[in-house]
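A structural walkthrough
Below are the chains, spelled out letter by letter.
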Protein chains: 2
Amino acid sequence: MTKPLNVTAVGSAIVDVIATVDDRFLLANSVAKGVMTLVDEHRAQTLHAALPRPKEIAGGSAANTMAGLASLGARGAFLGKVKHDRLGELFASDMSAIGVRYHTKKAEGGPGTGCCLIAVTPEGERSMSTYLGANLEFSESDLDGRDIEEAEVLYIEGYLWDAPLAREACLKAIAIAKHAGTKVAFTISDPFVAGRYRQDFLEMMSGRNFDILFANEEEAKSLFEVEAFDDALQRVHDWGGIGALTRSEKGCVIARDGEVHVIDAAPVARVVDTTGAGDQFAAGFLYGLTKGKPLSDCGRLGTIAAAEVISHLGARPETSLKPLAAQAGLL
Amino acid sequence: MTKPLNVTAVGSAIVDVIATVDDRFLLANSVAKGVMTLVDEHRAQTLHAALPRPKEIAGGSAANTMAGLASLGARGAFLGKVKHDRLGELFASDMSAIGVRYHTKKAEGGPGTGCCLIAVTPEGERSMSTYLGANLEFSESDLDGRDIEEAEVLYIEGYLWDAPLAREACLKAIAIAKHAGTKVAFTISDPFVAGRYRQDFLEMMSGRNFDILFANEEEAKSLFEVEAFDDALQRVHDWGGIGALTRSEKGCVIARDGEVHVIDAAPVARVVDTTGAGDQFAAGFLYGLTKGKPLSDCGRLGTIAAAEVISHLGARPETSLKPLAAQAGLL
C-alpha cells in the first residue's frame with residue numbers, strides 16, 4: 001500500500017438503540033414485527049423513551065465495515081453526518097475510540113442524529129425502526145477531499161441513495177476518487193434499494209463509476225431482475241469490475257473478468273444474529289484487497305470476518321479480527 | 001447434432017442385487033456396514049444366496065448414466081463386459097429395454113457377470129459388496145469403433161482404471177474418439193480412484209485426452225490434493241477443458257476457460273437415497289451438451305436429473321426425465 005489510508009467510507013451515521021421486549025410491547029407501541037420501518041423524529045423519540053433499559057452502540061452499515069477494518073489493523077476514515085447532540089457525540093467518540101479518522105462537521109440545527117431502534121423479542125427476532133435524521137443533511141460540502149485522495153479505496157453505501165443530497169455527495173466523492181486513483185467500491189445495501197435505483201446503479205456500473213461491487217444474493221438478483229443466482233453472477237462477470245457476491249451459509253462467489261472463485265462460508269459454532277454479516281464481509285474483503293492479496297484470499301478474509309460477527313449479538317466484531325485472520329494464514 | 005448417437009459410454013456392467021436386512025444379517029454374514037467392499041466370486045455367490053428376497057436390477061455407474069440419457073430421449077450405446085449367464089442376460093435385456101445400443105460380446109467362460117450386493121438396513125444405510133467379475137476381462141478387442149465414431153461424446157468411467165485390461169481399452173477408445181472428432185468425457189467415479197491413479201489422470205488432462213471432466217467435490221479435492229473447493233475449481237478452470245464439479249446440496253459449478261457457472265441444486269421434497277446422483281447429473285449435463293445448450297443449461301439439466309434419482313431408492317430414473325426437463329424450459 002502506498003497511500004496513507006486503506007479505506008475511506010461514505011455512509012449513514014447511525015446509533016443502534018437495542019432493547020429486549022416482549023410481543024405486548026410491539027403491539028402497545030405499534031412496532032411491525034421482524035421488519036425494518038423508516039420512522040420520523042417524533043416517533044423515534046417516543047419509541048426511544050419507551051424502550052426498557054436500551055443499550056446504545058454506534059452502528060450504520062459502512063461505519064460497521066470501518067470498525068471491522070480497524071479490527072484487522074487497517075487505517076481508515078469515515079464520512080457521515082450526525083447532529084451535535086448526545087447520540088452524535090456517542091457516534092463520534094466510538095469512531096475515534098476504534099481509531100477511524102472522523103471529521104465530518106456535526107450539524108448544529110435540524111434533525112437529530114440518526115438512530116435505529118431495535119426491539120428484540122425473546123425468540124431473537126429483531127423489529128427495527130430507523131430514523132435517518134441528520135443523514136438526510138449530508139451534502140457535498142461535507143466531503144473532505146483529502147480523506148478520499150489519501151485512500152486506496154472509497155467505499156460507498158447504497159442506503160445513501162434514499163437521501164438525495166447524500167447521493168449527490170457520493171457522485172462528487174466518486175469524481176474525486178477517479179481523479180486521485182482511488183478505487184471505488186459500492187455496496188447495494190438492500191434488495192429494495194436495488195429495486196428503487198436499479199437504472200441509476202446499472203448506468204454507474206456500465207460507466208465504470210464503480211470498480212468493486214458488493215451485493216448479497218437477493219440484492220444481486222433484484223438489481224439484474226433475474227431469478228437464478230448464476231444469471232446474476234454472469235452479469236457481474238460480464239461487467240468487468242470485481243464482483244463480491246455473498247450467499248449466507250453458501251459462502252461467497254468472487255468474479256473478475258475471466259476469474260471466478262467459489263469460497264465456502266467459514267465455520268460457525270452457532271449463528272446468533274446475522275446482523276452485520278455483509279458489513280464485516282466487506283471489511284475482510286477490502287482489507288485483503290488493499291493489502292494486495294489474491295482475490296480468493298480476499299474472499300476468505302471476508303467469510304472469516306462475517307463468521308465472527310454472526311456468532312454474537314451486534315453488528316461489529318467483539319473479538320479482534322486480526323488474530324483470526326492470522327490463524328487462517330491470511331495476513 | 002450431426003452424428004447418429006449422442007453418447008457412447010465405456011463402463012462397468014454391473015447388476016445391483018438389493019435386499020432389506022437387519023444388523024444381525026450383516027454380523028452373521030461378515031458384511032462391513034455402510035461402506036463398499038470388493039469381493040471375490042465365491043463370497044459374492046455365498047452372499048447372493050443368503051440375501052432374503054433380493055431384487056435384481058441393471059446398474060453400473062456409466063450404464064446408469066446411459067439410462068438417464070435414454071430417459072431424456074437421447075440416443076446412445078454402451079460398451080462393457082458381462083458373462084453369458086443369468087445376470088448377464090438380465091443386464092443386456094435391461095439395456096435394450098431402455099433403447100441403448102449394447103453389442104459387447106458376452107464372455108463364454110471365466111468369471112461371472114459383475115454384481116453389487118446391496119444390503120439395506122432399516123435406517124436406510126447401504127452396505128455394498130462389489131464383485132467386478134467379467135468386467136476384468138473387458139479389453140481392446142471388445143471395442144466397437146463404429147459406436148465411438150458415431151457418437152458426439154465418448155463417456156468413460158474412472159472405476160475401469162482398477163481393471164488393467166479395461167484401462168488399456170479406454171486409452172484405445174480415446175484414440176479412436178480423437179481421430180473421429182468425438183469429444184471425450186471422463187468421470188473420476190470415486191475419491192479413492194482419484195488417489196490411486198492421480199498421476200495418470202493429471203497427465204491425461206494436461207495431454208488433453210479428456211475434453212470434459214466430471215468430479216464431485218471430494219473427488220476433485222483428492223485429484224488435486226487440495227483442501228478448499230475453490231482451489232480444485234481453479235485447477236479445473238486453468239486446465240482449459242469443460243469441468244463439471246458437483247457439490248451435493250450445494251449444486252454444481254461448471255467451468256470452461258473464462259466462464260464459470262454456479263448452479264443451485266434443484267429442489268427435492270425428501271432425499272431418500274443419494275445413490276446415482278452423480279450418474280444422473282452426468283446424464284443431464286451430457287444431454288444438454290450434445291444438444292448444443294449453453295453450459296449453464298447443461299448444469300441445470302444435470303441438477304434436475306440428479307434431483308429425480310435421489311428422491312427414491314435406486315440409481316436410475318423412475319420418472320421420465322424428458323417432461324421434467326421440458327417443465328423447467330430446458331428442452
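Above: the structure in question.
Residues numbered from 1 in each chain as written. Chains lettered and ligands numbered in written order. Predicted model: local features only at pLDDT ≥ 70, side-chain atom pairs only at ≥ 80, totals over all residues.

A few words now on the sheet that holds strand 5 (residues 76–79) of chain B. Residue and element names in this part refer to chain B. Taking strand neighbours across the sheet as the criterion, the eight strands line up as 5-1-8-9-10-11-12-13 in an open arrangement whose pairing is mixed. On the outer flanks of this sheet lie strand 5 and strand 13 (259–263), each paired with one strand and no other. Mean inter-strand twist for the sheet, computed between neighbouring axes without regard to direction, equals 15 degrees. Pairing geometry for strand 8 (residues 151–157) and strand 9 (residues 183–187), over five bridges, is parallel. Bridge pairing links Leu-154 to Val-184 in strand 9. In the packing of helix 11 (residues 277–290) onto the sheet, the strands contacted are strand 1 (5–10), strand 8, strand 9, strand 10 (212–216), strand 11 (242–246) and strand 12 (252–256), and the crossing angle to strand 8 comes to about 160 degrees. (Pairing = 2+ DSSP bridges. Helix = DSSP H or I, 4+ residues; strand = E, 2+ residues; numbered from the N terminus. Axes fitted to C-alpha atoms, helices over the stretch in contact; angles between N-to-C directions. Contact = placed C-beta atoms within 7 Å.)

Contacts between the two partners involve twelve residues from chain B and, on the opposite side, twelve residues from chain A. Only helix 10 (229–239) and strand 13 of chain B provide two or more residues apiece to the side of chain B that touches chain A. No other element matches strand 13 of chain B, which puts four residues into the side of chain B that touches chain A. Counted by class, the side of chain B that touches chain A contains six nonpolar, three polar and three charged residues. (Nonpolar A, V, L, I, M, F, W, Y, C, P; charged D, E, K, R; others polar.)

Glancing now at the relation of the copies chain B and chain A. When chain B is fitted onto chain A, the two copies agree to an RMSD of 0.0 Å after a turn of 180 degrees and an axial shift of 0.0 Å. Seen this way, the second copy is the image of the first under a two-fold rotation axis. In terms of C-alpha distance to the rotation axis, chain B has Gly-258 of chain B as its closest residue, with the C-alpha 2.1 Å off the axis. Of all interface residues in chain B, 100% are interface residues in chain A too; the two copies therefore contact each other through one and the same surface. (Least-squares fit on C-alpha atoms with pLDDT ≥ 70 in both.)

The next thing to look at is unusual backbone geometry. You will see that Arg-208 of chain A, though not glycine, has its phi angle at about 55 degrees, which is positive. Positionally, Arg-208 of chain A belongs in the loop between helix 8 (198–206) and strand 10 (212–216).

Moving on: helix 3 (residues 61–71) of chain A. Residue and element names in this part refer to chain A. Burial runs high along helix 3: eleven of the eleven residues are buried. For helix 3, every residue scored as buried is listed here: Ser-61, Ala-62, Ala-63, Asn-64, Thr-65, Met-66, Ala-67, Gly-68, Leu-69, Ala-70 and Ser-71. After helix 3 finishes, the residue Gly-73 shows a positive phi value of roughly 95 degrees. (Buried ≥ 20, exposed ≤ 12 C-beta atoms within 10 Å, placed from the backbone.)

Next up on the list: the pairing of strand 12 (residues 252–256) of chain A. All names here are of chain A. With respect to burial, strand 12 is a largely interior element, four of its five residues being buried. Examined bridge by bridge, strand 11 (residues 242–246) and strand 12 share four bridges and lie antiparallel to one another. Looking across to strand 12, one finds that Ala-244 is bridged to Ile-254. The antiparallel pairing of strand 11 with strand 12 creates a hairpin that spans five residues between the two strands, and Ser-248 there sits at a positive phi of about 50 degrees. Across five bridges, the pairing between strand 12 and strand 13 (residues 259–263) is antiparallel. Of the residues in strand 13, the one forming a bridge with Ile-254 is His-261.

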